[in-house]
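Fold and geometry: a report
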Amino acid sequence: MVKELSLLFTLLLIGVALVLIWLGWRNRLRRQADVEPLPAVPAGLGEALAAADGQYVATTTAGDWLDRIAVHQLGLRTNAGLSVHPEGVLFDRSGAGPVFIPAGRLTGVRQESGMAGKFVEKDGLLVLSWMLGAKELDTGFRTRRAEDKALLLGALQDLISAAPQAEADSGK
């Protein structure tokens, strides 16, 4: 009898925890309803300047590595490929839609040791800063192979420095 009550109590606690998590995520979606839609992936995307497989960590509000963006599935951690093209950056995510960031919307790239519940060695994550409408965001990516990180970082820095200033300023 005690075992059955313990099991029932444990299942009840797990159920309550799952409901609270669901409510929190739903409320986050409501709070972030003003986040603009993602840019579409261009039909004639040029050849990749650099590409690597890895893990899409999450997108957060810039400067607040705990504030995941829930809308457009941007807060979901998933395996992904990251490719840098002359037109911008493409995250091809497994189990979620692609995320395309036009070159003119990129504002910076840096290396970090963690964000949104993912912590790795020093400088283990690439974090891209970009604008989505008037909102500045940070998107984290962890390469599967360490040597791919330097290649991506260089390509991203070149892309950001070559981006047309007028497009970057207008937020298109």
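Structure first, text after, so check above.
About the cut-offs
Residues numbered from 1 in each chain as written. Predicted model: local features only at pLDDT ≥ 70, side-chain atom pairs only at ≥ 80, totals over all residues. Heavy atoms only, no water. Core = buried A, V, L, I, M, F, W, Y, C linked by side-chain atoms within 4.5 Å. Buried < 20%, exposed > 50% of the residue type's maximum accessible area, 1.4 Å probe, protein only. Helix = DSSP H or I, 4+ residues; strand = E, 2+ residues; numbered from the N terminus. Contact = heavy atoms within 4.5 Å. Phe/Tyr/Trp six-rings, centres within 6.5 Å; stacked < 30°, edge-to-face > 60°. Pairing = 2+ DSSP bridges.

As for the nonpolar core
Within the largest apolar cluster, 29 residues are counted, with the highest numbers of intra-cluster contacts made by V89, F91, I101, L106, L128, L152 and L156. If one sorts the elements of this core by residue count, helix α2 (residues 146–162) sits on top with five residues. Discounting chain neighbours no more than four positions away, the residues touching F91 are Y56, G81, L82, P98, V99, I101, L128, T139 and F141. Formed by six residues, the second largest nonpolar core is a distinct cluster that contains V57, M115, L125 and V127.

Topic: the packing of aromatic side chains
For the structure on display, the rule yields two aromatic pairs. Judged by centre distance (5.5 Å) and plane angle (75°), the ring pair of Y56 and F91 falls under edge-to-face. Note that Y56 is positioned in strand β1 (residues 50–61) and F91 in strand β3 (residues 88–93), a separation of 35 residues in sequence. Pair check on accessibility: Y56 and F91 agree, each one buried. A centroid spacing of 6.0 Å and a plane angle of 55° characterise the contact between F91 and F141, whose relative ring orientation is tilted. Of the two residues, F91 sits in strand β3 while F141 sits in strand β9 (residues 135–143), which places them 50 residues apart along the sequence.

Side note on the pairing of β1
In terms of burial, β1 is largely enclosed, as 10 of its 12 residues are buried. In the sheet, β1 pairs with β9 via seven bridges, with the strands oriented antiparallel. In the sheet register, T59 faces β9, and the bridge partner there is T139.

The values reported here are purely geometric and, on their own, carry no functional implication.
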